[in-house]
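Observations on chain architecture
Next come the chains, spelled out residue by residue.
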Amino acid sequence: MQPELERFFSPDYATARDRFRDAARAAGASLDALGIEARGPRHEPLSIDIARIGERDARSVLLHTSGLHGVEAFAGAAVQLAALEDMPAPPAGCALVLAHVLNPYGMAWLRRANENNVDLNRNFLRRDERWDGAPALYARLDPLLNPLTPPGPDRFRLRLALRALRHGLRAPRQAIAEGQYEFPRGLFYGGKTLERGPRLYLDWLRRNLAQACRVLALDLHTGLGRRGEETLILEPGCNTTPAAGLMRALGRRLVDPAAEQVAYRARGVMGGVLQQTMPDARIDFVLQEIGTAAAVTVLHALREENRLHHHGEFRLSHPAKLALCEALSPASIDWRRRAVRHGLSLLHGAAAWTFRK
């Protein structure tokens, strides 16, 4: 492979989708497009595109997803495009499935949330969970997090620091990022029902992976962690292989929230419903984060873009949109090369374990 890994990054959703489809066809993959009702900036159709290489009734499946958080999709889509050029064909009885941009609206419009302002990684509630509630501290932070004004200077960082002095660092971080179901225009809103995109995706899994006995799912995100470095996180309650076994298999350190302190714990995460979706399979789920910027920088960018979306001038070239894109998909060539390298390395390690004889 050529060293210029940044070439796999695309400038926008439509380009990334066309490149993915072309590369999937060239690799001999089957393709499915799950269309959503929302449209892109040029009124173009939006879809979750899924490429499958290998047997339709494969028993061992490596499942890779990108773009659950919209604007974060640029890195995940680049890794998937590189994988279509770089990955060897799965052996008999195995399949590689690449789900391209689970939140196409968010990528197209440079948003983390979807067309209904739903954070899709807070939208996968289990059957026994209620679509309501918010951390008590989130309600108190709502005026600071979600002001009813367009983007603009308002001493946000200072005011947030004062909150941290009052409540400590961990409590506000947990309250903000956990997921909330009471403030529909707010950050980290989980919705009131399963959104169309996630519903279509889970239905596809039920129909197409019914024969799978073993599934390793990788979900790529950006933002959390040191810039350009990866963090691999297990989601509690959704892995059948012990953490130590997965670490040995993948040759990497994994953060196990059940045993270690993590930045925060979230409700409604995608990994938590995969076992319900594919009850006959042994499922392991690893979330891969590629760090971009300090947490307060990312939060401020999310806040300003959300203010723009609800109260400002709605255009892609607005500084708040560009700042969010830079916070979650930096333009740095070095960062982009490292992101693709991390993504491909994990995919290769996961394939070696999943497709073992």
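Residues numbered from 1 in each chain as written. Predicted model: local features only at pLDDT ≥ 70, side-chain atom pairs only at ≥ 80, totals over all residues. Heavy atoms only, no water.

Section: the nonpolar core
Counting 77 residues, the largest nonpolar core has L62 and V286 as its most contacted members. Broken down by element, this core gets its largest block of residues, 10 residues, from helix α2 (residues 73-86). When sequence neighbours within four positions are dropped, the list of residues in contact with V286 reads L216, A217, L218, D219, L232, I233, L234, L246, L250 and L254. Core analysis: the second largest hydrophobic core is formed by 36 residues, A95, L205, A217 and I233 among them. (Core = buried A, V, L, I, M, F, W, Y, C linked by side-chain atoms within 4.5 Å. Buried < 20%, exposed > 50% of the residue type's maximum accessible area, 1.4 Å probe, protein only. Helix = DSSP H or I, 4+ residues; strand = E, 2+ residues; numbered from the N terminus. Contact = heavy atoms within 4.5 Å.)

Description of the sheet that holds strand β2 (residues 45-54)
Pairing in this open sheet of seven strands is mixed, and the strands run β1-β2-β4-β3-β5-β7-β6 from one edge to the other. The open sheet has two edge strands with one neighbour each: β1 (30-39) and β6 (230-234). With direction set aside, neighbouring strand axes in the sheet form an average angle of 20°. Sheet topology places strand β3 (residues 60-65) next to strand β4 (residues 94-100); six bridges connect them, and they run parallel. Each bridged residue has a counterpart across the sheet, and for H64 the counterpart in β4 is L98. Its contacts with the sheet put helix α7 (residues 196-208) on β1, β2, β3 and β4, and the angle it makes with β1 is roughly 160°. The strands touched by helix α12 (residues 333-354) within the sheet are β3, β4, β5 (214-227), β6 and β7 (282-291), with β5 carrying the most contacts at an inclination of about 155°. (Pairing = 2+ DSSP bridges. Axes fitted to C-alpha atoms, helices over the stretch in contact; angles between N-to-C directions.)

Here's the deal with the state of the cysteines
In total, this model carries zero disulfides according to the counting rule given. Just so you know, C94 is unpaired, no disulfide at all, and the nearest cysteine sulfur is the one on C213, 11 Å from it. (Disulfide = S-S within 2.5 Å.)

A word on the pattern of salt bridges
A side chain of one charge can pair with a side chain of the opposite charge if their charged atoms are brought near each other. For the structure shown, the criterion picks out 21 salt bridges. R338 is paired through a salt bridge with D334; the nearest N and O atoms lie 4.0 Å apart. Note that R338 and D334 are positioned in helix α12 at a spacing of four residues, about one turn of the helix. Classification of D334 by relative accessible area gives partly exposed; the value is 48%. (Salt bridge = Lys/Arg side-chain N within 4 Å of Asp/Glu carboxyl O.)

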